[in-house]
Amino acid sequence: YFCRHGERWELQLKGSGKTPYSRNGDGRAVLRSSVREFLCSEAMHYLGIPTSRAASLVVSDDDVWRDQFYNGNIKKERGAIVLRLAKSWFRIGSLEILAHSGELDLQRRLLDFIIQEHFPSIAKNDSNRYLEFFSTVVSETANLIALWMSVGFAHGVCNTDNFSLLSITIDYGPFGFMDSYDPNFVPNTSDDEKRYKVGNQATVGLFNLSKLLQALKPLLDPRQKQLASQILEGYGEHYYIRFTELFKTKLGLLGENEDDNYLIAFLLKVSLLC
C-alpha cells in the first residue's frame, strides 16, 4: 500500500514473473507492451477516465519469447516490469471464482472487505449492502464504458477478469484507439470473432455484470435477487444517458432537444462513411 494525501493505493508489479496465481504463462512482460501500458494509462488519467496509473518502468535483462501477431513466428524480445497503482485490483472475476468454487464464506468476507474499504457510502451493517454495491458497480461500469467510447478507446480483452469492481480501466493489453469511427474496430489480433470490438463493449459490459449478479445471488434473499435483476435491466439506460451527455458536450449542445440524439447518430454514421 502507498499512502498519499490520506489515500491508499495498491502497488502491483506487471512482468515480474510467476506468482502462486499464474496460469500457463511465464508471468513476464515485454518492453513494447510495458511502454504502451505506461503511456496509455497516464494518457487515460489526464483524459479524465478512471484508470490504474503507472509509477515506473524498469527494463529487465531477461529475454522473453513472444508470438506478437499470433502467427507462429516466435521472437526474442527484451523484458520489462511496470510498477502500476490502483485503489484496488479486485475484479468481477475475483468474486466469480469464489462463487464458482462454492467458497461462499470467503466470498462474503471478501465482499465485506471491499465494501468497507472502497464503498464508504454503504453502511457495513446494512442488510442491503450487497444490493447497493451491485447497483453502484452497474452504474459506474456504464459510465466507464461510455467514457471509453467518447475517446474511441477499445480495451481489447473485456472479460470478467479484466473488469474492475471499482469501475476503473485496468489490464492494458491489446488496446487501441480508433483513428476514425468504426464500430467493428478490433485492436486484438487474436480476437478473430471480434467479440471485443469497440462497438460491442457496452454489450460485453452487460454480460460481465450479469456474471457478477450470478456470483452475488447466493448472498441475496429472494427480494434482493429480484431488485438486483431490475437494477441490471437499467444498465442500458444508464449507458445511453451517459453516452449522450458526453457526445452532446463534445458537440457543444446545450439544454435538451429531441433532435440531439438523431444528430449524434447521424454524425457517427457520416464518420463511418468517410
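How each quantity is defined
- Residues numbered from 1 in each chain as written.
- Predicted model: local features only at pLDDT ≥ 70, side-chain atom pairs only at ≥ 80, totals over all residues.
- Heavy atoms only, no water.
- Helix = DSSP H or I, 4+ residues; strand = E, 2+ residues; numbered from the N terminus.
- Rg over C-alpha atoms; globule rule 2.2 N^0.38 Å.
- Buried < 20%, exposed > 50% of the residue type's maximum accessible area, 1.4 Å probe, protein only.
- Areas by Shrake-Rupley, 256 points an atom, 1.4 Å probe, with all protein chains shown as cover.
- Lys, Arg positive; Asp, Glu negative; His and termini not counted.
- Charge placed at Lys NZ, Arg CZ, Asp CG, Glu CD.
- Core = buried A, V, L, I, M, F, W, Y, C linked by side-chain atoms within 4.5 Å.
- Domains from an automatic or database assignment.
- Contact = heavy atoms within 4.5 Å.
- Expected span 1.5 Å × (residues − 1).
- Arc of directions from axis to C-beta.
- Axes fitted to C-alpha atoms, helices over the stretch in contact; angles between N-to-C directions.
- Parallel < 35°, antiparallel > 145°, perpendicular 65-115°, else oblique.
- Left-handed = near helix turned anticlockwise from the far one by under 90°.
- Buried area = accessible area lost by both parts, 1.4 Å probe.
- Salt bridge = Lys/Arg side-chain N within 4 Å of Asp/Glu carboxyl O.
- Polar contact = N/O pair within 3.5 Å; in protein donor to acceptor, adjacent residues only side chain to side chain.

### Re the overall build of the protein
Right, so step 1: Across its full length, the protein carries eight helices and six strands.
Right, so step 2: Listing every helix and strand of the protein by position from the N terminus yields β-β-α-β-β-α-α-α-β-β-α-α-α-α.
Right, so step 3: Radius of gyration (C-alpha) of the protein: 20 Å, near the 19 Å computed for a compact globule of 274 residues.
Right, so step 4: If one aligns the C-alpha atoms of the protein with their principal axes, the spans along those axes are about 55 × 55 × 40 Å.
Right, so step 5: For the protein, the residues scored as buried account for 40% of the 274 residues in total.
Right, so step 6: As presented, the protein carries roughly 15,400 Å² of accessible surface, and 53% of it is formed by carbon and sulfur atoms.
Right, so step 7: Measuring between centres, the 31 positive side-chain charges of the protein sit 4 Å from its 33 negative side-chain charges.

### A closer look at the nonpolar core
Nonpolar side chains in soluble globular proteins tend to end up buried together.
Right, so step 1: In terms of nonpolar packing, the biggest core is built from 57 residues, with Phe 133, Trp 148 and Leu 212 touching the most fellow members.
Right, so step 2: By residue number, the principal contributor to this core is helix α4 (residues 129-150), which donates 13 residues.
Right, so step 3: Looking at this core, you find at least three residues from each of domain 1 (10-86) and domain 2 (92-250).
Right, so step 4: For Phe 133, the residues in contact, after removing those within four places along its chain, are Leu 95, Leu 111, Ile 114, Ile 115, Phe 119, Ile 122, Leu 165 and Leu 216.

### Comments concerning helix α8 (residues 260-273)
Right, so step 1: With 14 residues, α8 ought to run about 20 Å at 1.5 Å a step, and its terminal C-alpha atoms sit 20 Å apart, in line with that.
Right, so step 2: For α8, the complete set of buried residues consists of Asp 260, Ile 264 and Leu 268. Buried residues of α8, seen end-on, are gathered within an arc of 75° and therefore sit on one face of the element. Turned more than 90 degrees off the buried face of α8, the exposed positions are Tyr 262, Lys 269 and Leu 273.
Right, so step 3: The inward-facing, buried residues of α8 abut α7 (235-251).

### Remarks on the packing of α4 against helix α5 (residues 201-216)
Right, so step 1: Two elements in contact, α4 and α5, have axes separated by 10 Å at closest approach and are oriented at 165°. Comparing their axes, α5 and α4 come out roughly antiparallel. Here the hand of the crossing between α4 and α5 comes out right-handed. Seen from α4, the contacting residues are Tyr 130, Phe 133, Phe 134, Val 137, Val 138, Thr 141, Ile 145, Trp 148 and Met 149; seen from α5, they are Gln 201, Ala 202, Gly 205, Leu 209, Leu 212, Leu 213 and Leu 216.

### Digging into the environment of Glu 96
Right, so step 1: When you line up the elements, Glu 96 lands in helix α2 (residues 92-100).
Right, so step 2: In this structure Glu 96 comes out as partly exposed when scored by relative accessible area, which is 25%.
Right, so step 3: Along the sequence, Glu 96 and Gln 214 sit 118 residues apart, while their C-alpha atoms lie 8.0 Å from each other.

### Points about the domain arrangement of the protein
Right, so step 1: Each domain of the protein was delimited in the assignment, giving domain 1 (10-86) and domain 2 (92-250).
Right, so step 2: Spacing between the C-alpha centres of domain 1 and domain 2 amounts to 23 Å.
Right, so step 3: Contacts between the two partners involve 19 residues from domain 1 and, on the opposite side, 19 residues from domain 2.
Right, so step 4: Taken together, both faces of the contact between domain 1 and domain 2 bury some 1,400 Å²; the carbon and sulfur share is 62%.
Right, so step 5: Applying the counting rule to domain 1 against domain 2 returns one salt bridge.
Right, so step 6: When the shortest N-O distance is used, the salt bridge between Asp 171 and Arg 84 registers 3.2 Å.
Right, so step 7: Across the domain 1-domain 2 interface, the total number found is eight residue pairs in polar contact (both at pLDDT 80 or more).

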